[in-house]
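# Structure at a glance
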Amino acid sequence: MQAKIRRTFAIISHPDAGKTTLTEKLLLFGGAIQMAGSVKGRKAARHATSDWMALEKERGISVTSSVMQFPYEDKIVNLLDTPGHADFGEDTYRVLTAVDSALMVIDVAKGVEERTIKLMEVCRMRNTPIMTFINKLDREGKDPIELIDEVESVLGIQCAPITWPIGMGPRLKGVVHLLTGEVHLFESGRNFTRQDSTIFPSLDDPGVLDAIGQNMLDEVREQLELVEGATNPFDMEAYLRGEQTPVTFGSAVNNFGVQLLLDFFVEHAPMPQARETTTRKVDPTENKLTGFVFKIQANMDPQHRDRVAFMRICSGKFTAGMKAFHPRVGKEIKLANALTFMASDREIAQDAFPGDVIGIHNHGTIAIGDTFTEGENLAFTGIPNFAPELFRRARLRDPLKLKQLQKGLAQLSEEGATQFFKPMMSNDLILGAVGMLQFDVVAYRLKDEYGVDALFENVNVATARWVRCDDPKKLEEFVNKNALNLANDAAGELVYLAPTRVNLNLTQERHPEVQFLATREHA
Ligand code: G4P
């Protein structure tokens, strides 16, 4: 069964913890790339192919995400990359809705950092199972027991160490696998494969004493006793419920601990899970195709100026050229020339299965959150749009470019690069963002891709709430009274743009029958 062998995950980390390096090493061990440096090379090549990406290069951030698929052992692994910069949180959140588990990378010296905390919160919302990799063991860092305490207290998740370091920094000798008892030695310049590593069956093996010396051996034994008393044993069910995280240690740049991690990951990480829709739960073993779009990316290929919608398959099977029903629009579309994302390159997809991601060419009819089925009228839930906290009014230097501006803003908001609001009572175009940098990216792309020179001015909006009301009469009353502060978002949904938080509170009090939502679920 194809769904059973899929492992779809994303890496969450604070910038610089080693996500890119670890991604590259996972691909190396998965046989998807031949040479270290290829992922960074690919990053650079992508920068070169699209001008606006020069912006991300300038700022040393990665705005785009991609999907990498590779086989490992008897499994097919799908790694969904998440953008690194805090301002692009929304995009990251949506990627996390499309995975079945996450891998958290922590820098041994820095411990739990701010962005990890935020990403972890998102995983908690959906009880996503999380594995932890403590990286950069070749450097002096925090005491591993303290680090485990820190993860438990700051992130509120129980830790179950799977491996334990023998020394650290210049004294790093290896790790002990707590489940198998094996000792894996750290050997600089080696450790590319199991064959290329020195592995002893247990700490009692005489070879270990030779390799690490009596003092270190005593130290490790003492530590392991402590670890046993102070930490929890691995509990598969608790991990799958998102209550416990198995922890491994290593040094990605040195390949060390990566294969142990990958072996543990493919064995324990969950297969594609059942998912909620507006009408029922969809099981990955169902025969008919379902899937949802979690990301739209423009101009991946500057030659074609295409926009690609990334669809996560939830059940059934995708076959090249098949037709799928698009419930939001009520039409069938042909999924021609869909792309798969083998780590080596983008290719035309022949088949894809639950857990896989395919790229569909989009000419503006597909939006983030859209569901595709083989005829059934349902929509996957839980793909959020967050209320922006920063607002600007778009103003044109050349008023004749209004049409291009509207088109550009509509497309960029469809991709989730910004949110875009049209007030009911004025002709303003208001942009909303979760982070400041989003405005820079939008300005840059408007100029580069749409030939529009736009300025962004301050506007008197403090926060936005999506408005819902079951009673059409009451809704009409509310709209009539508050038209000055109401707008439509790019999808045509009603939004209250509050000039101040106090105003928002007052309006909420005055209209208890109206719901003011801080996230809009795409449904
Ligand atoms: P990110 O994607 O999470 O932002 O991190 P990235 O992999 O780019 O790694 C950030 C820096 O940490 C890089 O150094 C990388 O080489 C280094 N690094 C990753 N893993 C390890 C490790 O196990 N040990 C040590 N000591 N360093 C590690 P850089 O100087 O920023 O880049 P580069 O010049 O090395 O490419």
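All values derive from a computational prediction rather than experimental measurement.

## Points about the packing of aromatic side chains
The geometry of an aromatic ring pair is captured by the separation of the ring centres together with the interplanar angle, meaning the angle of the planes. Taken as a whole and assessed by the stated rule, the structure comprises 12 aromatic pairs. Their ring planes at 70° and their centres at 5.4 Å tell us that Trp 164 and Phe 249 sit as a pair that is edge-to-face. Linking Trp 164 in strand S7 (residues 163–166) with Phe 249 in strand S11 (residues 244–249), this pair joins segments that are 85 residues apart in sequence. A relative accessible area of 0% means that Trp 164 is categorised as buried. With a relative accessible area of 1%, Phe 249 lands in the buried category. Ring geometry for Phe 186 and Phe 256: centres 5.3 Å apart, planes at 65°, overall edge-to-face. You can see Phe 186 sitting in the loop between strand S9 (183–185) and strand S10 (199–200) and its partner Phe 256 sitting in the loop between S11 and helix H9 (258–268), a full 70 residues away along the chain. Assessed through its relative accessible area of 17%, Phe 186 is described here as buried.

## Some points on the site of the ligand
The local shell around the ligand holds 16 residues, among which Asp 16, Lys 19, Thr 20, Thr 21 and Asp 138 are the closest. Interatomic distance of 2.6 Å between a side-chain N/O atom of Thr 21 and an oxygen atom of the ligand. Taking Val 253, its main chain carries an N or O atom lying 3.3 Å from an oxygen atom of the ligand. Considered on its own, the ligand offers 710 Å² of accessible surface; in the complex 67% of this is hidden by protein. It is helix H1 (residues 19–29) that provides the largest number of residues to the shell around the ligand, a total of 3 residues. Residue composition of the shell around the ligand, grouped by class: 4 nonpolar, 6 polar and 6 charged.

## Side note on the sheet that holds S9
Spatially, 4 strands are ordered S7-S8-S9-S10 in an open sheet, and the strand pairing comes out antiparallel. The two strands at the open ends of the sheet, each matched to only one other strand, are S7 and S10. Of the strands in this sheet, S7, strand S8 (174–177), S9 and S10 are in contact with helix H7 (residues 206–230), which crosses S7 at around 125°.

## As for helix H11 (residues 437–450)
Compared with an ideal rise of 1.5 Å per residue, which puts 14 residues at 20 Å, H11 spans 19 Å between its outermost C-alpha atoms and is within 8% of the ideal. When H11 is considered as a whole, its buried residues turn out to be Leu 437, Gln 438, Phe 439, Val 441, Val 442, Arg 445, Leu 446, Glu 449 and Tyr 450. Phi turns positive, to about 65°, at Gly 451, one or two residues after H11.

## Quick word on a negative patch on the surface
Judged by side-chain charge, Asp 218, Glu 222, Glu 225 and Glu 228 come together as a negatively charged surface patch. Looking at where Glu 222 falls in the secondary structure, it is placed in helix H7. Take Glu 222: its relative accessible area is 59%, and that puts it in the exposed class.

## What to know about the confidence of the model for the protein chain
Averaged over the protein chain, the pLDDT score is 86; the fraction of residues at 70 or greater is 87%. In this model residues 41–65 is a low-confidence stretch, pLDDT under 50, and it forms 51 contacts with partners more than four residues away in sequence or in other chains. As scored by the predictor, the complex reaches a pTM of 0.82 and an ipTM of 0.97.

## A short note on the sheet that holds strand S31 (residues 494–498)
Read from one edge to the other, the open sheet built from 8 strands follows the order S28-S25-S27-S26-S30-S31-S29-S32, with strand pairing classed as antiparallel. Bordering the open sheet on either side are strand S28 (454–458) and strand S32 (515–517), each of which pairs with just one other strand. Neighbour-to-neighbour, the strand axes of this sheet turn through a mean angle of 40°, independent of strand direction. Here strand S25 (residues 390–396) runs beside S28; their pairing, made up of 5 bridges, is antiparallel. Residue pairing in the sheet places Arg 392 in a bridge with Asn 458 of S28. Taken strand by strand, helix H13 (residues 501–510) contacts strand S29 (463–468), S31 and S32, and its axis lies near 130° from that of S31.

Cut-offs and rules
Every chain's residues receive numbers from 1 upward, in the order its sequence appears when written. It should be noted that, the model being predicted, local features are given only for residues of pLDDT at least 70 and side-chain atom pairs only at 80 or more, the latter also being counted only at that level, while totals for whole chains, interfaces and linings use all residues. Remark: hydrogens and water are excluded; side-chain values derive from all non-hydrogen atoms of the structure. Only the six-membered ring of Trp is used, alongside the rings of Phe and Tyr, when aromatic pairs are assigned; centres must lie within 6.5 Å, and planes under 30 degrees apart are stacked while those over 60 apart are edge-to-face, with the rest tilted. Put simply, DSSP H or I for four residues or longer makes a helix, DSSP E for two residues or longer makes a strand, and each gets a number counted from the N terminus. Relative accessibility thresholds used throughout: buried, under 20% of the residue-type maximum; exposed, over 50%; partly exposed, between the two (1.4 Å probe, protein chains only). A molecule or strand has a residue near it when one of that residue's heavy atoms lies within 4 Å. Nitrogen and oxygen atoms within 3.5 Å of one another constitute a polar contact, given that in protein one can donate a hydrogen and the other can accept it, and given that sequence-neighbouring residues count only through two side-chain atoms. For every accessible area listed, the method is Shrake-Rupley and the probe measures 1.4 Å; residues are considered covered only by the protein chains on display. Under the grouping applied here, Gly and all other residues not named as nonpolar or charged are polar, the nonpolar ones being Ala, Val, Leu, Ile, Met, Phe, Trp, Tyr, Cys and Pro and the charged ones Asp, Glu, Lys and Arg. Two strands qualify as a pair provided that DSSP identifies no fewer than 2 bridges between them. Contact between two residues is taken to exist if any of their heavy atoms lie within 4.5 Å; hydrogens are not considered. Simply put, an axis is a line fit to the C-alpha atoms, just over the touching stretch for a helix, and the angle between two N-to-C directions goes from 0 to 180 degrees. Each residue after the first adds 1.5 Å to the expected span of a helix. Here, patches come from residues exposed beyond 30% relative accessible area and free of salt bridges, joined within 9 Å for like charges and within 5 Å for nonpolar side chains (Val, Leu, Ile, Met, Phe, Trp, Tyr). Definition used for salt bridges: Asp or Glu carboxyl oxygen within 4 Å of a side-chain nitrogen of Lys or Arg. The charged-residue count follows a simple rule in which Lys and Arg add positive charge and Asp and Glu add negative charge, with His and chain termini not counted at all. For the purpose of locating charges, the reference atoms are NZ of Lys, CZ of Arg, CG of Asp and CD of Glu. Here pLDDT means the predictor's own confidence in every residue, given as a number from 0 to 100.

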